[in-house]
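# Observations on chain architecture
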Amino acid sequence: LGFVSEMTKGEAREAVAKIAAGAKQESAGVLRFGQFVGATYFGYYRRKWKSSTEGTNVNRVNAHLVAAFSEREISSFQRDELQDLLDLKAKTEKLSFSVVDHLRWDLSQIFEMAVAEGHIRLNPARLLFTPREAKKPLRRAMTIEEVQKCFAAAGRRERLIAKLGVLGGMRPGEIFALTWGRLKATHAEIQQRVYRRKIDTPKTENSTRHAALSEGLLAEIGAWRALAVSTSDDAWVFPSERMTPLSKDNWWWRIMRPALEKVGLEWANFQVMRRTHSTLMKQLKADPKLVADQLGHTVDVNLNVYTQSPVASRQVIVNELERSLVVD
């Protein structure tokens, strides 16, 4: 390595690490990006990901990253070419902000693992950013009047499902996975969800919760129960004709969306319903922690992702500010 007088202990360790990494690569041959992602990255993170997350992540990484870089040597990447890929996805292919931002995270995680495995010394994706050209979605929430129109446009079952989304703040997978045994006198026990026709555990740890139900909503649930074919504890609250959980996509596209389209609310999907719950709760000055617990996520996500601030509400506070500055 060299003389002690010419090299610090840290420099010596770094030199040894380089030699060891080179020897490892020589013994294993050239390591390709696709090989590393498929065998090492997916192989490890599949142990952590839920089945729903795994399907989404694997498809995204294979379609956008492995397809582009499969035969590239893992140690040959530069930061600028990775940023060029993200720019291409945003500007030319016009992928959404969410997809491009996930790709940025994927690249950083993949190369960070390559660093940990000793295949490369530095992570070339660490400083990547999501291009400003990436399309950010319009995050809409319904007003009180629009919520009333939504409920009025729906039939009995559809109105009850919509109310569980708007009043209860529940996700669609949680609603369609409800069994009668999970509905209690004051709340719904969220212990499972249905995702792509499979019963799964809730999305996150915070998602496993007791979702409070309003008195009027509980009354409607009672009326719906009286019409149910089966009310045993393990029977689905919203069964299909085959007595399986109702399909969210079939329900939305065949029944709910056409009904909402007639009143101009076809955009008010389940994400909008949950966002509406959070936004209206804020207007009622509800404690953000209570709202976050009801929705099944953190306070930060509740305030920064779900809650919207209507212009009318902001106009009130800027008027108050102006009045406070007026000198008689």
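Residues numbered from 1 in each chain as written. Predicted model: local features only at pLDDT ≥ 70, side-chain atom pairs only at ≥ 80, totals over all residues. Heavy atoms only, no water.

Of the regular secondary structure elements, the protein chain holds 14 helices and 4 strands. Looking at the protein chain as a whole, 39% of its 328 residues qualify as buried. Pairs at least 24 residues apart make up 68% of the contacts formed inside the protein chain by residues separated by at least 6 positions. Within the structure as shown, the protein chain displays about 19,300 Å² of accessible surface, and the carbon and sulfur contribution to it stands at 53%. (Helix = DSSP H or I, 4+ residues; strand = E, 2+ residues; numbered from the N terminus. Buried < 20%, exposed > 50% of the residue type's maximum accessible area, 1.4 Å probe, protein only. Contact = heavy atoms within 4.5 Å. Areas by Shrake-Rupley, 256 points an atom, 1.4 Å probe, with all protein chains shown as cover.)

In this model, the second largest pocket occupies a volume close to 350 Å³. As for the second largest pocket, its lining consists of 16 residues, and the residues nearest its centre are Val-166, Leu-167, His-277, Met-281 and Leu-284. Secondary structure elements with two or more residues in the lining of the second largest pocket: helix H6 (144–153), helix H11 (270–283) and helix H12 (288–295). The greatest single-element share of the lining of the second largest pocket, amounting to 4 residues, is contributed by H11. (1 Å grid on protein atoms, 1.4 Å probe; cavity = no way out; pocket = protein on both sides within 12 Å on 5 of 7 lines; lining within 4 Å. Points joined across faces, edges and corners; volume = space filled by probe spheres on them.)

So, about the pattern of salt bridges. Taken as a whole, this structure holds 18 salt bridges when the rule is applied. For Glu-54, the salt bridge goes to Arg-46, with nearest N and O atoms at 2.7 Å. Classification of Glu-54 by relative accessible area gives partly exposed; the value is 23%. Residue Glu-261 is joined to Arg-257 by a salt bridge in which the shortest nitrogen-to-oxygen separation is 3.8 Å. In this pair, Glu-261 and Arg-257 are both assigned in helix H10 (residues 248–261), 4 residues apart and thus about one turn of the helix distant. A relative accessible area of 24% places Arg-257 in the partly exposed class. (Salt bridge = Lys/Arg side-chain N within 4 Å of Asp/Glu carboxyl O.)

With that out of the way, let us pick up the nonpolar core. Judged by nonpolar contacts, the single largest core of 40 residues is most densely connected at Met-142, Leu-164, Phe-238 and Met-256. Among the elements of the structure, H6, helix H7 (156–166), helix H8 (172–176), strand S1 (187–190), helix H9 (215–226), H10 and H11 are those that each provide at least two residues to this core. In terms of residue count, the dominant contributor to this core is H7 (5 residues). Filtering out sequence-adjacent residues up to four positions away, Phe-238 remains in contact with Arg-157, Leu-160, Ile-161, Leu-164, Ile-175, Phe-176, Trp-224, Thr-244, Pro-245 and Leu-246. Counting residues in hydrophobic clusters, the runner-up holds 31 residues, among them Phe-77, Phe-111, Met-113 and Ala-125. (Core = buried A, V, L, I, M, F, W, Y, C linked by side-chain atoms within 4.5 Å.)

A word on unusual backbone geometry. Leaving glycine out, the prevailing phi sign among residues is negative, and the prevailing peptide bond configuration is trans. Although it is not a glycine, Lys-94 sits at a positive phi angle of roughly 55°. Along the chain, Lys-94 falls in the loop between helix H4 (79–91) and helix H5 (97–116). Phi at Met-243 is positive, roughly 65°, even though this residue is not glycine. Examined against the element boundaries, Met-243 turns out to sit in the loop between H9 and H10. For Met-243, a relative accessible area of 42% corresponds to the partly exposed category.

Attention shifts here to helix H2 (residues 33–45). Every buried residue of H2 is listed here: Phe-33, Gly-34, Phe-36, Val-37, Tyr-41, Phe-42 and Tyr-45. Seen end-on, H2 carries its buried residues on one side only, within an arc spanning 145°. (Arc of directions from axis to C-beta.)

Moving on to empty space enclosed by the protein. One pass over the structure, following the stated rule, counts 1 cavity of 30 Å³ or more. Reported here for the largest cavity is a volume of approximately 50 Å³. Here the residues of the lining of the largest cavity sort into 3 nonpolar, 2 polar and 3 charged. (Nonpolar A, V, L, I, M, F, W, Y, C, P; charged D, E, K, R; others polar.)

The next thing to look at is the packing of aromatic side chains. Under the counting rule described, the total for this entry stands at 16 aromatic pairs. Judged by centre distance (5.2 Å) and plane angle (85°), the ring pair of Tyr-44 and Tyr-45 falls under edge-to-face. A connected cluster of aromatic rings, assembled from ring pairs, spans Tyr-41, Phe-42, Tyr-44, Tyr-45 and Trp-49. When the ring centre of Phe-77 is taken as origin, the NZ or CZ atom of Arg-72, which lies over that ring, is 4.3 Å away. One cation-aromatic arrangement involves Lys-136 over Phe-97; the distance from NZ or CZ to the ring centre is 4.9 Å. (Phe/Tyr/Trp six-rings, centres within 6.5 Å; stacked < 30°, edge-to-face > 60°. Lys NZ or Arg CZ within 6 Å of the ring centre and 35° of its normal.)

The next point concerns the environment of Pro-131. Along the chain, Pro-131 falls in the loop between H5 and H6. In this structure the C-alpha to C-alpha distance between Pro-131 and Asp-101, which are 30 residues apart in sequence, comes to 8.6 Å.

Summarising the model, the protein chain shows a mean pLDDT of 88, and 88% of its residues fall at 70 or more. When pLDDT is averaged over each element of the protein chain, H5 comes out on top at 96 and helix H14 (residues 311–325) at the bottom at 63. (pLDDT = per-residue confidence, 0-100.)

Right, let's get into H10. Spacing of three or four residues puts side chains on the same side of an α-helix, whose turn is 3.6 residues. Its axis deflected by about 30° at Ile-255, H10 carries its strongest bend there, up to four residues before the proline Pro-258. Turning to H10, its buried residues are Trp-251, Trp-252, Met-256, Ala-259 and Leu-260. Looking at the buried residues of H10, the elements they touch are H6, H7, H8 and H11. (Bend = angle between axes of the 7 residues up to and from the residue.)

Tracing the chain through its elements places Asp-200 in strand S3 (residues 198–200). With a relative accessible area of 15%, Asp-200 lands in the buried category. At a separation of 3.4 Å, a polar atom in the side chain of Asp-200 contacts the side chain of Lys-50. Once you skip the residues sitting within four places of it in the chain, Asp-200 turns out to touch Lys-50, Ser-51, Ser-52, Gln-192 and Arg-193. (Polar contact = N/O pair within 3.5 Å; in protein donor to acceptor, adjacent residues only side chain to side chain.)

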